[in-house]
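Overview (structure and organization)
Listed here are the chains, written in short residue letters.
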Amino acid sequence: MYLGAYNACLADKPLGEALDLIAGLGLTSVEVNSGGFLPPIHLPVERLRESEDARQEYLGEFSSRGLTLTALNCNGNPLHPQADFPHRQDLLDSIELAALLGVKRVITMSGTPGVDPGSTQPAWNPLPWWSPFLDVRDHQWGVAVPFWKDVQTRAADVDVRVAIEMHPGNIVFNPSTLHRLVEEVNATHVGAEMDPSHLFWQGIDPVLAVADLGELVYVAAAKDTRVNEAAKVNGVLDDRFTRVAEGEPGYLPLGGGTTLSGWPTGSSWDFVAVGRGHDTAYWTEFLRALAKIDPDMPVNIEHEDLELDQMEGLRFAANTLIEAEKAL
């Protein structure tokens, strides 16, 4: 398999140094951000659009180190109700650029519209037990389906597969909603990025989710989740996030004038490096399930463990994955 890393946690490094660090961990795959929540730090977009020579030189940065650029990552909200919100165009541009580079996967999120045609802010509506919430769901899917039909057409035209991260906060957040989107747009080039971290805290077993989705899984993330004792009291849904002002630790712009919220103190769950929430034997089963779909599946580490620094988290996750693969 292609075991690798997503470049976001190395955004403070020049491209060459970041790639050297990834290769030095014994990894072979890289996923590079192309817009959305995060800027394309390691992707000179305009230069790559303009010149085949530039594209070949860029890809050579990877191949010369024994690495393969396996995906562009454009996670964001392409269904934001503000018409000028940038994530929508970022996704469409990422599909075009992936085709130019010969990269066959673009990772994104499904997006979240507002609650009605007059909304200016997105709203997640995961539990429509009351009829007004059903009305919201109908509106949101009515917005989503035409957009994703257009994405499907564009992706199919250039033979790039768009992999949706099933991320809470979006209309697609679990296998059933992924299936619904694929069916409603009659997709051939829209499927799933299997990021187990968001499934773990929902109570979903990612190995079973892989089996359920089958060939709809195009690429995978390697990120773990630890469910804490606080979940026994507060459950896994927690609204105690806070605002982080510019200049404060943890401040991170996420495009369109938005920012990352502060994580709750005494949280019910935390993202942790691969192996710190589930043991190596579990990750072997996860890799085995992916290999049944595609023996060359890219599995890229996404380091968001706040308890480990930049390289500690990457190294811990890489060692776990490499050991897990040896047991296949």
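Summarised in this report is the structure supplied together with it.

Reading the values: rules and limits
Residues numbered from 1 in each chain as written. Predicted model: local features only at pLDDT ≥ 70, side-chain atom pairs only at ≥ 80, totals over all residues. Heavy atoms only, no water. Helix = DSSP H or I, 4+ residues; strand = E, 2+ residues; numbered from the N terminus. Rg over C-alpha atoms; globule rule 2.2 N^0.38 Å. Buried < 20%, exposed > 50% of the residue type's maximum accessible area, 1.4 Å probe, protein only. Contact = heavy atoms within 4.5 Å. Areas by Shrake-Rupley, 256 points an atom, 1.4 Å probe, with all protein chains shown as cover. Axes fitted to C-alpha atoms, helices over the stretch in contact; angles between N-to-C directions. Parallel < 35°, antiparallel > 145°, perpendicular 65-115°, else oblique. Left-handed = near helix turned anticlockwise from the far one by under 90°. Pairing = 2+ DSSP bridges. Nonpolar A, V, L, I, M, F, W, Y, C, P; charged D, E, K, R; others polar.

**A few points about the overall build of the protein**
When helices and strands are tallied, the protein shows eleven helices and ten strands. At 19 Å, the protein has a C-alpha radius of gyration in line with the 20 Å of a compact globule built from 328 residues. Its C-alpha atoms put the protein at 55 × 50 × 45 Å along the principal axes. Within the protein, the fraction of its 328 residues that count as buried is 49%. Summarising the internal contacts of the protein: among those between residues at least 6 apart in sequence, 79% fall at separations of at least 24. A total accessible area of about 14,500 Å² is found for the protein, and carbon and sulfur atoms account for 53% of it.

**Describing the packing of helix α5 (residues 131-158) against helix α6 (residues 175-184)**
Running from amino to carboxyl end, α5 crosses α6 at an angle of 55°, the nearest separation of the two axes being 9 Å. When the axis of α5 is compared with that of α6, the two are oblique. In this structure, α5 meets α6 at a crossing whose hand is right-handed. Residues Arg137, Trp141, Val145, Trp148 and Lys149 of α5 pack against Thr177, Arg180, Leu181 and Glu184 of α6.

**Comments concerning the sheet that holds strand β7 (residues 217-222)**
Sheets are built from strands that pair by backbone hydrogen bonding, the pairs being arranged parallel or antiparallel. Strand order in the closed barrel formed by eight strands is β1-β2-β3-β4-β5-β6-β7-β10, with parallel pairing between adjacent strands. For this sheet, the mean inter-axis angle between neighbouring strands, taken without regard to orientation, is 30°. Of the pairings in the sheet, the one linking strand β2 (residues 29-33) to strand β3 (residues 68-73) comprises five bridges and is parallel in character. Among the inter-strand pairings, valine 30 is bridged to a residue of β3, identified as leucine 69. Across the face of the sheet, α5 comes into contact with β4 (105-108), β5 (161-165) and β6 (190-194) while running at roughly 140° to β5.

**Considering the packing of α6 against helix α8 (residues 206-213)**
Closest axis-to-axis distance for the α6/α8 pair is 10 Å, and the angle between their directions is 20°. Considering their axes alone, α6 and α8 lie roughly parallel with respect to each other. Pair α6 / α8 crosses with right-handed handedness. Of the residues in α8, those in contact with Pro175, Leu178 and His179 of α6 are Ala209, Asp212 and Leu213. Its residues placed into classes, the contact of α6 with α8 shows four nonpolar, one polar and one charged.

**Quick word on unusual backbone geometry**
Comment: phi is negative for the bulk of residues other than glycine, and the bulk of peptide bonds are trans. Although it is not a glycine, aspartate 159 sits at a positive phi angle of roughly 55°. Within the secondary structure, aspartate 159 sits in the loop between α5 and β5. For asparagine 186, which is not glycine, the phi torsion reads 55° and is therefore positive. Inspection of the secondary structure assignment puts asparagine 186 in the loop between α6 and β6. Its relative accessible area of 64% is what places asparagine 186 among the exposed residues.

**Remarks on the pairing of β7**
Of all six residues making up β7, six are buried, and the element is well covered by its neighbours. Inspection of the sheet shows β6 paired to β7 by three bridges, in the parallel sense. Along β7, the bridge assignment pairs methionine 194 with alanine 220. In the sheet, β7 pairs with strand β10 (residues 298-301) via three bridges, with the strands oriented parallel. Counterpart to alanine 220 in the pairing with β10 is valine 299.

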